[in-house]
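Read off the chains here:
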Amino acid sequence: GESVGLHLPTLSVQEGDNSIINCAYSNSASDYFIWYKQESGKGPQFIIDIRSNMDKRQGQRVTVLLNKTVKHLSLQIAATQPGDSAVYFCAEARYNQGGKLIFGQGTELSVKP
Amino acid sequence: DTEVTQTPKHLVMGMTNKKSLKCEQHMGHRAMYWYKQKAKKPPELMFVYSYEKLSINESVPSRFSPECPNSSLLNLHLHALQPEDSALYLCASRKSPTNEKLFFGSGTQLSVL
């Protein structure tokens, strides 16, 4: 069935390096994508979003890239810090399904000092 | 106020108990959501309320009963739960049911004995 998924379940990076977390989606009708960060014992925290009419969006230390041709989404974190350690979820919203948000499987990011 | 507040933070209940989870937001959001999340898994959508009306029920068992008393409050009534219902229950809200940021609460960690 259709789903939003992530390529890697875990990612380990050195403090100060850049991190790239990837996500694949299967529904070409999806028109809105969000990245969430979830720390242990907390709810998902909004990081950045992007609409399907854009290819790139930047926030503070984070960039989201959207490649609609291959249905691929990525989150880039610059100068990764220990506080960035968490599980990162991509999520996809399908306008024709009443705004339902479908989550990918998640990538656990570990930052080594 | 940009928070979604959930109470209680932790709940332990027996299989014959009746309990309720509560969620509150004062951001004027007109779409509210219940998600269920198992450890190391992505959140799974349970219910969506749009303008105080139930718009999506993801085939959730009837032992879970949602209620939206007004535009700021969302409840989840629990009755005769099973141990496999133990999970983190997340409430979320957004301005409207269309594609916009979804804000999450910190969740209620539920254990069913």
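Think of each chain on its own: its residues are numbered from 1, step by step along the sequence as written. Think of it this way: whatever chain is written first is A, whatever ligand is written first is 1, and the rest follow in order. Confidence filtering applies because this is a predicted model: local features only for residues at pLDDT of at least 70, side-chain atom pairs given and counted only at 80 or more, and all residues used for totals across whole chains, interfaces and linings. The basis for every side-chain value is the complete set of non-hydrogen atoms in the structure, without hydrogens or water.

A.B. asks: Before we go on, may I ask you to explain the nonpolar core in this structure?
C.D. replies: Considering soluble globular proteins, one finds that nonpolar side chains tend to be buried as a cluster. Joining through side-chain atoms within 4.5 Å is the link that ties buried Ala, Val, Leu, Ile, Met, Phe, Trp, Tyr and Cys residues into a set, and such a set is a nonpolar core. Between buried and exposed lies partly exposed: a residue is buried under 20% and exposed over 50% of the maximum accessible area for its type, with that area taken using a 1.4 Å probe on protein chains only. Formed by 22 residues in total, the largest nonpolar core has its most connected members in Trp34(B), Phe64(B), Leu76(B) and Leu78(B). For this core, the elements supplying multiple residues, two or more each, are strand 2 (10-13), strand 3 (18-25), strand 4 (31-37), strand 5 (44-50), strand 7 (64-70), strand 8 (73-79), strand 9 (87-94) and strand 11 (108-112) of chain B. We call two residues in contact whenever any of their non-hydrogen atoms come within 4.5 Å of each other. Sequence-distant contacts of Leu78(B), defined by excluding residues within four places in its chain, comprise Leu11(B), Met13(B), Asn17(B), Lys18(B), Lys19(B), Leu21(B), Arg63(B), Phe64(B) and Leu110(B). If you look at the next biggest cluster of nonpolar residues, it comprises 20 residues, including Ile50(A), Val62(A), Leu75(A) and Leu109(A). Secondary structure elements follow DSSP: runs of H or I no shorter than four residues count as helices, runs of E no shorter than two count as strands, and numbering proceeds from the N terminus.

A.B. asks: Can you walk me through the interface of chain A and chain B in this structure?
C.D. replies: Accessible area lost during the coming together of the parts is what is often quoted as the interface size. With 24 residues of chain A at the contact, the number on the chain B side is 22 residues. Both sides of the chain A and chain B interface together cover about 1700 Å² of buried area, and 55% of this is carbon and sulfur. Take a side-chain nitrogen of Lys or Arg and a carboxyl oxygen of Asp or Glu: if they are within 4 Å of each other, that pair is a salt bridge. Our count for the chain A to chain B interface comes out at two salt bridges. A salt bridge links Glu108(A) to Lys40(B), with the shortest nitrogen-to-oxygen separation between them at 3.6 Å. Contacts described as polar in this section are N or O atom pairs within 3.5 Å, which, within protein, must combine one atom able to donate a hydrogen with one able to accept it, while residues neighboring in sequence count only if both atoms come from side chains. Applying the counting rule to chain A against chain B returns five residue pairs in polar contact (both at pLDDT 80 or more). Mapped onto the side of chain A that touches chain B, the elements with two or more residues apiece are strand 4 (32-38), strand 5 (45-51), strand 9 (86-94) and strand 10 (100-103) of chain A. The biggest single contributor to the side of chain A that touches chain B is strand 4 of chain A, with four residues. Summed over both partners, the accessible area lost on bringing two parts together, with a 1.4 Å probe, is the buried area.

A.B. asks: Sorry if this is basic, but what is going on with the state of the cysteines here?
C.D. replies: What is meant by a disulfide is a covalent connection between two cysteines, made through their sulfur atoms. Cysteine sulfur atoms are paired as a disulfide whenever they come within 2.5 Å of each other. Going through the model one piece at a time under the given rule, you end up with two disulfides over all chains. In this model Cys23(A) forms its disulfide with Cys90(A); the gap between the sulfur atoms is 1.9 Å. Here the S-S torsion is close to 55°, and the disulfide linking Cys23(A) with Cys90(A) is therefore right-handed. Of the two residues, Cys23(A) sits in strand 3 (residues 19-25) while Cys90(A) sits in strand 9, which places them 67 residues apart along the sequence. The exposure class assigned to Cys23(A) is buried, which follows from its relative accessible area of 1%. By relative accessible area, Cys90(A) is classed as buried at 0%. There is a disulfide in this structure between Cys23(B) and Cys91(B), and the S-S distance comes to 1.9 Å. Looking along the S-S bond of the Cys23(B)-Cys91(B) disulfide, the torsion reads about -70°, which is the left-handed sense. Taken as a pair, Cys23(B) in strand 3 and Cys91(B) in strand 9 lie far apart in primary sequence, 68 residues in all. A relative accessible area of 1% means that Cys23(B) is categorised as buried. For the unlinked cysteine Cys68(B), the closest cysteine sulfur is that of Cys91(B), found at 9.2 Å.

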